[in-house]
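Notes for the structure review
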Amino acid sequence: MAIPMTRMMVPHARPSLRLPHTNLPNATRVNFLCLCAPSELQILRPELSLSVGTHAIPHPDKVAKGGEDAFFVSSYRGGVMAVADGVSGWAEQDVDPSLFSKELMANASRLVDDEDVRYDPGFLIDKAHTATTSRGSATIILAMLEEVGILKIGNVGDCGLKLLREGQIIFATTPQEHYFDCPFQLSSEGSAQTYLDASFSIVEVQKGDVIVMGSDGLFDNVFDHEIVSIVTKHEDVAESSRLLAEVASSHSRDTEFESPYALEARAKGFDVPLWKKALGKKLTGGKLDDVTVIVAKVVNS
């Protein structure tokens, strides 16, 4: 579905300052537009917002409950998007892994305009996590667009985000892992990660940029060149999100496909037994998983 975001007008900012985002630990620096304009008449320009498309395909064995991923998008201010991936290992303790991720996203959606959140990914992750009472854990990525064109990102684990401009990926988040296939995660257990362990980034965006966000079911099964190809060929964000999800789901079921997941596993020392190697075999195949995709285009309101 395509979701138009909030609109208003702001003065065009002339000078720029290089400032850190004081509320985000470990945040990268970007050119932040200074709104201290000179006294002469300024040209007004439209603020930036997001046009969003979403698509989710559950793991084949988890269709009945809708999978263990959850997400939300909000039209608040420039636009807010988030994805959470429930950690499936909880099923071994007879805990439904989808409950934690779904409640976490419901709380984030409810709190997005809370004054204490200050339109800050770190505070929103913290408050949503604190409010979640279900047993379980989840990875999470959350992005908030300032109307002046600043995208603020918070990430715990291996959900991801890529920013495309003119057919090139110009920014991508980095997965956080304890070791291969064991990502950082928010949890109901006190020994796990919190928002303080999140990776934060601040990126300047412009009209026409495309943001691709998703659970690891997308990025474990789809290469960057495939993402770029689909997004650049299809202007409609709903169509792009659907096609990316379908490609990821198809690759995840292909045992012969040399997926990003299989390549990383082999690079980390995980492979077929030695006797299979002697026969010329190697670890291949996608990673069967829930797939959640959000595609957003930066537009003038």
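A brief report on the enclosed structure follows. (Residues numbered from 1 in each chain as written. Predicted model: local features only at pLDDT ≥ 70, side-chain atom pairs only at ≥ 80, totals over all residues. Heavy atoms only, no water.)

**Side note on the overall build of the protein**
Regarding its fold elements, the protein presents seven helices and 17 strands. Per-residue burial over the protein gives 51% buried out of 301 residues. In the protein, the share of contacts with a sequence separation of at least 24, taken over all contacts with a separation of at least 6, comes to 72%. For the protein, the exposed surface amounts to about 13900 Å²; the carbon and sulfur share of it is 53%. (Helix = DSSP H or I, 4+ residues; strand = E, 2+ residues; numbered from the N terminus. Buried < 20%, exposed > 50% of the residue type's maximum accessible area, 1.4 Å probe, protein only. Contact = heavy atoms within 4.5 Å. Areas by Shrake-Rupley, 256 points an atom, 1.4 Å probe, with all protein chains shown as cover.)

**Concerning the side chain of Asp216**
With respect to the element layout, Asp216 can be found in helix 3 (residues 216–219). Those residues in contact with Asp216 that lie beyond four places of it in its chain are Asp85, Asp158, Cys159, Lys287 and Asp289.

**Quick word on the sheet that holds strand 11 (residues 168–172)**
The sheet built from five strands is open, its strands ordered 5-17-16-10-11 with antiparallel pairing. Pairing within the sheet leaves two strands with one partner each, and these edge strands are strand 5 (48–57) and strand 11. Going across the sheet, the axis of each strand differs from the next one's by a mean of 25°, ignoring polarity. As paired strands, strand 16 (residues 210–214) and strand 17 (residues 291–300) are joined by five bridges and run antiparallel to one another. Counterpart to Val210 in the pairing with strand 17 is Lys297. On top of the sheet, helix 4 (residues 224–233) reaches strand 10 (160–165), strand 11 and strand 16; it is set at about 55° to strand 10, its chief contact. (Pairing = 2+ DSSP bridges. Axes fitted to C-alpha atoms, helices over the stretch in contact; angles between N-to-C directions.)

**Details of the pairing of strand 8 (residues 137–146)**
Most of strand 8 is tucked away, with ten of its ten residues classed as buried. Neither face of strand 8 is exposed, since Ser137, Thr139, Ile141, Ala143 and Leu145 on one face and Ala138, Ile140, Leu142, Met144 and Glu146 on the opposite face are all buried. Bridge count between strand 7 (residues 80–86) and strand 8: seven bridges; the pairing is antiparallel. From the neighbouring strand, Asp85 faces strand 8, where its bridge partner is Thr139. As paired elements, strand 8 and strand 9 (residues 150–156) share seven bridges and run antiparallel to each other. Residue pairing for strand 9: Ile141 is matched across the bridge by Asn155. Connecting strand 8 to the antiparallel partner strand 9 that follows it, the hairpin turn spans three residues, and Gly149 within it adopts a positive phi of roughly 105°.

**Some thoughts on the packing of helix 4 against helix 5 (residues 237–252)**
Between helix 4 and helix 5, the shortest axis-to-axis distance is 9 Å and the interhelical angle comes to 150°. In terms of axis orientation, helix 4 runs roughly antiparallel to helix 5. For the element pair helix 4 and helix 5, the recorded crossing hand is right-handed. Contact residues: Glu226, Ile227, Ile230 and Val231 in helix 4; Ser240, Leu243, Leu244, Val247 and His251 in helix 5. (Parallel < 35°, antiparallel > 145°, perpendicular 65-115°, else oblique. Left-handed = near helix turned anticlockwise from the far one by under 90°.)

**Let's talk about the side chain of Ser259**
Here Ser259 is to be found in the loop between helix 5 and helix 6 (260–267). Apart from the residues lying within four places of it in its own chain, the contact partners of Ser259 are Asp220, Asn221, Phe223, Gly285 and Gly286.

**Brief notes about the nonpolar core**
Generally speaking, a soluble globular protein has its nonpolar side chains buried in company with each other. Counting 25 residues, the largest nonpolar core has Leu104, Met105 and Leu124 as its most contacted members. Only strand 6 (69–74), strand 7, helix 1 (97–111), helix 2 (121–131) and strand 8 provide two or more residues apiece to this core. Among the elements that take part in this core, helix 1 stands out by supplying five residues, more than any other. (Core = buried A, V, L, I, M, F, W, Y, C linked by side-chain atoms within 4.5 Å.)

**Side note on unusual backbone geometry**
One non-glycine residue, Arg77, lies in the positive phi region at around 50°. The topology assignment puts Arg77 in the loop between strand 6 and strand 7. Owing to a relative accessible area of 27%, Arg77 belongs among the partly exposed residues under this scheme. Here the phi dihedral of Tyr119 falls at roughly 50°; this positive angle occurs in a residue that is not glycine. The residue Tyr119 is located in the loop between helix 1 and helix 2 in this model.

**Quick look at the environment of Gly136**
If you trace the backbone, Gly136 turns up in the loop between helix 2 and strand 8. Among the residues examined, Gly136 registers a relative accessible area of 1% and is labelled buried. Sequence spacing of Gly136 and Pro97 is 39 residues, and the spatial spacing of their C-alpha atoms is 5.9 Å. Ignoring sequence-local partners within four residues, the contact set of Gly136 consists of Trp90, Phe100, Leu186, Ser187 and Ser188.

**Topic: the pairing of strand 6**
Among the six residues of strand 6, five are classified as buried, and the element is accordingly described as predominantly covered. Bridge analysis of strand 6 against strand 7 gives six bridges, and the strand direction is antiparallel. Among the inter-strand pairings, Asp69 is bridged to a residue of strand 7, identified as Asp85. In this antiparallel pair of consecutive strands, strand 6 and strand 7, the connection spans five residues, and Arg77 shows a positive phi of 50°.

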